[in-house]
Structure formats: C-alpha cells, structure tokens
Amino acid sequence: MDLLALADFILVARHGGFGRAARASGRPKATLSRRVSELEEGLGLRLFERGARDIKLTEEGRTLSQRAGALLTELAETTAAIASGGEHPRGSLRISAPLLFSQTAMGRLAADFALRFPDVLLEVSTDDRAVDMIEEGYDLVIRVNPAADATLVGRPFLHDRLMVVASPSLSRSDRDPAPAVVRGDDAATMWSVTTGDASAPMAVRPVLRLSSLIMIRDAVRAGAGAARLPASLVSRDVTAGRLAHWGDIEGPEIVLWALYPTRRLLNPRVSAFLDLLKQAFPHGTPDDLAAYLD
C-alpha cells in the first residue's frame, strides 16, 4: 500500500473535502483527488461517496480513516522519537491542559514525569479555551473533543461518558422537575437519560450554577440536586453508595486528545510524556481514570 496516498486520504477525511484539505495543506486539490482515486483503485474499495457539492466517507472509508489515522500517527511518533534520541530527554516541556483533568490527574502525572526525567523542566498551564499552541509556545496540548486542525496531529488517550447522579437521599419523581446542579450558563430544562435499553426525557430545574465540575460533584454529594458528571469522576462514589446512578446522558462520548504541531519533529520530551499517558491509562476508559484518581 502507498503510505503517501494513505496519508493524503487521511488528510481529506479529516477536513471533510478535497478543497478544504488542499487549502489547509497547501497542496493542489487535483493531486489529492488523484492520490485518493489511486488508493481506491489499489484497494478495490470506494472510500468516498462524491456528490455535486460535497463528499462523504463510506463505511469502509470511515473504518480505514479511524484505524489508519492512529497507525500513521504512531509511526510518525516512533520514527521521530528515534531520530531525536528519545532515550534521554532534556530541556523544557510546556503543556496546556483543561481544568478538570488538571485538577484530578495532572498533578500526579507531572510528579511521575519529573521523577522519571529529572533533566526536563515541565510546565503545565490550565486552560479550558483552545489555546494557540504555536503562537503561545506550547509543546503539547490536551483538549476535550477538539475540532479538526490542520496544524496539529495527535492521539486520543481517554474516553469518558456523562452520568446523571444524585445523593441517595434525593428521590426522583416522574411528575416534578428534578433539582439540578448545572455548570455555568447551562439553560437546559430537559435531559435525555438512558436507563438500561430505554431512553426518556427528564425534566430538571436548576438550583445551583457552579463553574467547576469538582464543585458540582461536591454539591451533589451534599444533596443539593442531580447533575450530569463524567463517569470517571463519580463511578467510585456510585460504587461506594455515596451517589445514586439515575442513568446515562445520550450523546457523543467525551474524548481527551493529546495534540502537538505537525510542522516540527516530535521532540523526545513530548514522546516521553505520550508514553507516560499510555502507561497511566492503558485502555483509555473511564475506569482507567477513576482508578488513577484513587
């Protein structure tokens, strides 16, 4: 298989079209189209359904994009780490991470990294906004469900989901809206909750607005109301009986990505931190993170 053609296919798939991929990469649209067509012919598969104005991945194309994209990223990381002498990283490493992950896991991760690599000065900043890592000088950023970005590559390392939980002392009613502890300006009055194989709307009435998921969890523990919280943050409370599980929230899963710039080689410090993430969360599940937080 032509790896360059495969890389072009991944580029087009990530950007959702030949034109957008061409503008993002600076490569001719005709070249990308030809390379993808050659890949389709070589595989004997149609990877895109081409319409008059847009294209859509076929089922086979979607599978290839997901699996091959991860493999190409892994290959690039491995070769870059070898080429840059990754066994003895030294220098500085700047990372930006979202608030909840920083509050719950980053302190321990940073300590583990510092003990393993004493010649690297690690600096971690907490920010929920999508920082411009090139302009702001970050070597790696951790983001939740990031949008496609042609200047960055990376890998997902943790998957999570939202659970509806409440204090065991709080009763759920099918007639009256449940008191809810919500984040920020969340104005939702209905949650779509799945219990077993059934899904149903649940009416809620916000009684507290808090800016931190840690604060929301603590308020729910104290009986203030129900809340939508990551499984990794509350699954141990549910198991211990401190919280009651009312169901799961329908919708896309929460995925944490480690991202870094494509325009420079993966330096050994970034490679070392990625390896640490793999070891800390080997399966990338909510249980992995919950166990790490104990």
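The coordinates are above.
Here's a quick rundown of the structure. The structure presented is a predicted model; accordingly, all values stated were derived computationally and were not measured.

### A closer look at the sheet that holds strand E5 (residues 140-144)
Item 1. One open sheet holds the five strands; their spatial order is E4-E3-E5-E13-E6, and the pairing between them is mixed. The open sheet has two edge strands, strand E4 (120-126) and strand E6 (152-160), and neither has a second partner. Taking the axes of each pair of neighbouring strands and ignoring which way they run, one obtains an average angle of 20° across the sheet.
Item 2. Sitting on the sheet, helix H9 (residues 268-280) is in contact with strand E3 (91-97), E4, E5, E6 and strand E13 (254-261), with an inclination near 50° to E3.

### Here we look at the side chain of Ser65
Item 1. Checked against the element boundaries, Ser65 lands in helix H4 (residues 59-83).
Item 2. Beyond its immediate sequence surroundings of up to four residues, Ser65 is in contact with Phe9, Ile10, Ala13 and Leu57.

### A short note on the environment of Val120
Item 1. As for its position among the elements, Val120 is in strand E4.
Item 2. C-alpha separation for the pair Val120 and Ser92, spaced 28 residues apart in sequence, amounts to 5.3 Å.

### A closer look at the pattern of salt bridges
Item 1. Summed over the entire model, instances satisfying the criterion amount to 15 salt bridges.
Item 2. Between Asp218 and Arg217 there is a salt bridge; the shortest N-O distance is 3.3 Å.
Item 3. Asp237 serves as the salt-bridge partner of Arg242, at 2.5 Å between the closest nitrogen and oxygen.
Item 4. Under the relative-accessibility criterion, Asp237 is labelled buried at 2%.

### A few points about the sheet that holds strand E12 (residues 244-249)
Item 1. Read from one edge of the open sheet, six strands run E8-E10-E9-E12-E7-E11, paired in mixed fashion. In the strand order of this sheet, the two ends are held by strand E8 (178-183) and strand E11 (227-230), each with one partner. Here the strands of the sheet are splayed against their neighbours by 55° on average, with no regard to which way each runs.
Item 2. The sheet contact formed by strand E9 (residues 190-195) and E12 spans two bridges and is antiparallel. Its bridge partner being in E12, Val193 is matched across the sheet by Ile249.

Conventions we followed
- Residues numbered from 1 in each chain as written.
- Predicted model: local features only at pLDDT ≥ 70, side-chain atom pairs only at ≥ 80, totals over all residues.
- Heavy atoms only, no water.
- Pairing = 2+ DSSP bridges.
- Helix = DSSP H or I, 4+ residues; strand = E, 2+ residues; numbered from the N terminus.
- Axes fitted to C-alpha atoms, helices over the stretch in contact; angles between N-to-C directions.
- Contact = heavy atoms within 4.5 Å.
- Salt bridge = Lys/Arg side-chain N within 4 Å of Asp/Glu carboxyl O.
- Buried < 20%, exposed > 50% of the residue type's maximum accessible area, 1.4 Å probe, protein only.

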